[in-house]
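What follows is each chain in one-letter form.
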Amino acid sequence: MSHVMNTYARLPVTFSHGQGCRITDTDGKEYLDALAGIAVSTLGHAHPKLVAAIAAQAGRMLHTSNLYRIREQELLADKLCSLSGMQEVFFGNSGAEANEAAIKLARFYGHKQGIELPTIIVMEKSFHGRTMATLSATGNYKVQVGFEPLVAGFVRVPFGDLDAIKAVAEHNRNIVAVMFEIIQGEGGIHLVDPAYYRGVREVCDSHNWLMICDEVQCGMGRTGKWFGYQTAGVQPDIATLAKGLGSGVPIGACMTGGKAAGLFGPGNHGSTFGGNPLVSTAALTTIEVMEEEGLLDNAARIGALIRQLFGEALAGIKGVKDIRGHGLMIGVELDRPCGELVGKALAAGLLINVTADTVVRFLPPLIFSENDARELVDRTAPLIKEFLAG
Ligand SMILES: *Cc1c(COP(=O)(O)O)cnc(C)c1O
């Protein structure tokens, strides 16, 4: 019996090592990794440059403290701001912590204007994490049930419905921010018309609200741009990162610009590990390799190819409702729950995922090649067809 707490329905497989987009289990069986540990392994497995940078940093120093200046963290903040158009970065260790920082910033911003019960507009089908504030912001009852009372200060609207936001603005004087994912990941790879994002920006500007983009899944090059909001042509006041930022080393970030910059001072927020020399080096090196290897263009090109190939392979198949996504964030929606496909794919040597019950999700490493893409579709499409026929 395992002493690991039973918080995941774990598949009966253990991996021992990986190389690029291939990963090997303890029996020596090899798998094509089209999930990247849920959008984490940006550079795939054992990228030589990342391995060397982490080893060298470990040899110098792992950790100091945020009581002191950290050179690697400062360099990473500079780099992230130049890529994102933001001004300041707070570093934590996960997506949930990055979003906690964003929520605290929004409340602080409200209190500074004399709003006693600052409230954030959040979306149906959203996912923001598992801590108390972030699960309260999340638009999924399953994440919340059993953990009431929820954290107050959120109102929920349907994603993509600008009028719903405007309606809240009319009667609720406590709103301080709108928080959403440009592409909803856990919710089932949902994108909306770019006009919506621009509309949200306008509403935020006219009411003096903060626009908060949770980029934990869609950020860090996955869409073919550094950040999802750049595909939509908008600039948020706060954007949060984690997952792909350290290519497997745990690091989260909350970036601020515009009205949200300069809000926090010493004592307002903190993290013991956040942005330590080891994780900052991993993130800096991840970004460096992404630039050297042209991984943004690769994500856009290979993502389009995968969607095109699935479109061809699944054309006219009854039960396939939609093939959608942006870059290497791809969903194939079926007309029925399809969780069992994950186990069938695993048996066939493929790592994929199903989210929101009916959406087969692909989040491969950004180094995914054209051959990897062809192999993925050649091997996954028959599994989907067989499942739908069965
Ligand atoms: C995964 C995810 C989170 C939570 O990140 P953790 O590192 O698991 O805390 C938050 N927001 C989005 C959009 C995510 O996909």
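In the block above lies the structure referred to throughout.
Computed from a predicted structure; not experimentally measured.

**Q** What's the story with the side chain of His-47 in this structure? I'm lost.
**A** Checked against the element boundaries, His-47 lands in the loop between α1 (36-39) and α2 (48-60). Residue classification places His-47 among the buried positions, given a relative accessible area of 13%. Among the polar contacts made by the side chain of His-47, one reaches the side chain of Glu-293 at a distance of 2.8 Å. The contact partners of His-47, leaving out residues within four places of it in the chain, are Val-289 and Glu-293.

**Q** Is there a simple way to explain the environment of Asp-335 in this structure?
**A** Mapped onto the secondary structure, Asp-335 falls in the loop between β12 (329-334) and α12 (340-347). C-alpha separation for the pair Asp-335 and Leu-388, spaced 53 residues apart in sequence, amounts to 9.0 Å. Contacts of Asp-335, omitting those with residues within four sequence positions, involve Gly-319, Lys-321 and Leu-388. A polar atom in the side chain of Asp-335 sits 2.7 Å from the side chain of Arg-336.

**Q** I tried to follow the sheet that holds strand β3 (residues 30-33) on my own but got confused; where do I start?
**A** The strands that make up a sheet pair up through hydrogen bonds in the backbone, lying either parallel or antiparallel. Pairing in this open sheet of four strands is mixed, and the strands run β1-β2-β3-β13 from one edge to the other. Edge positions in the sheet fall to β1 (15-19) and β13 (350-351), since each of these pairs with one other strand and no more. As paired elements, β1 and strand β2 (residues 22-25) share four bridges and run antiparallel to each other. Considered in β2, the bridge of Phe-15 is made with Asp-25.

**Q** Where do I start with the layout of surface pockets in this structure?
**A** Of the voids in this model, the second largest pocket is the one considered here, and its volume is about 680 Å³. Lining the second largest pocket are 27 residues, with Gln-73, Val-89, Phe-90, Phe-264 and His-269 sitting closest to its centre. Contributions of two or more residues to the lining of the second largest pocket are made by α3 (71-84), β4 (88-92) and β10 (252-256). In terms of residue count, the dominant contributor to the lining of the second largest pocket is β4 (four residues).

**Q** Would you take a moment to explain the nonpolar core for this structure?
**A** One finds Leu-80, Ile-165, Phe-180, Ile-306 and Leu-334 to be the most contacted residues of the largest nonpolar core, which totals 95 residues. Judged by nonpolar contacts, the second largest core, of 21 residues, contains Phe-154, Val-176, Ala-260 and Leu-263.

**Q** What exactly am I supposed to notice about unusual backbone geometry here?
**A** What is expected of a backbone is that most residues other than glycine have negative phi and most peptide bonds are trans. The amide bond that connects Glu-148 to the next residue, Pro-149, takes the cis arrangement and shows omega of 0°. In this fold, Pro-149 is placed in the loop between α6 (141-144) and β6 (154-157). Here the phi dihedral of Ile-189 falls at roughly 55°; this positive angle occurs in a residue that is not glycine. Tracing the chain through its elements places Ile-189 in the loop between β7 (175-180) and α8 (194-207).

**Q** What is the right way to read the pattern of salt bridges from this model?
**A** A side chain of one charge can pair with a side chain of the opposite charge if their charged atoms are brought near each other. Using the criterion set out here, one finds 18 salt bridges in the structure. Residues Glu-370 and Arg-301 are paired through a salt bridge, measuring 3.7 Å at the closest nitrogen-oxygen approach. In this pair, Glu-370 sits in helix α13 (residues 370-389) while Arg-301 sits in helix α11 (residues 295-313), placing the two residues 69 residues apart along the sequence. Overall, Arg-301 belongs to the partly exposed group, its relative accessible area being 48%. With its nearest N and O atoms 2.7 Å apart, the salt bridge here joins Arg-336 to Asp-335. Arg-336 sits in the partly exposed class, given a relative accessible area of 28%. Taken together, the shared-partner salt bridges in this structure form one network comprising Arg-22, Asp-372, Glu-375 and Arg-379.

About the criteria used
- Residues numbered from 1 in each chain as written.
- Predicted model: local features only at pLDDT ≥ 70, side-chain atom pairs only at ≥ 80, totals over all residues.
- Heavy atoms only, no water.
- Helix = DSSP H or I, 4+ residues; strand = E, 2+ residues; numbered from the N terminus.
- Buried < 20%, exposed > 50% of the residue type's maximum accessible area, 1.4 Å probe, protein only.
- Polar contact = N/O pair within 3.5 Å; in protein donor to acceptor, adjacent residues only side chain to side chain.
- Contact = heavy atoms within 4.5 Å.
- Pairing = 2+ DSSP bridges.
- 1 Å grid on protein atoms, 1.4 Å probe; cavity = no way out; pocket = protein on both sides within 12 Å on 5 of 7 lines; lining within 4 Å.
- Points joined across faces, edges and corners; volume = space filled by probe spheres on them.
- Core = buried A, V, L, I, M, F, W, Y, C linked by side-chain atoms within 4.5 Å.
- Salt bridge = Lys/Arg side-chain N within 4 Å of Asp/Glu carboxyl O.

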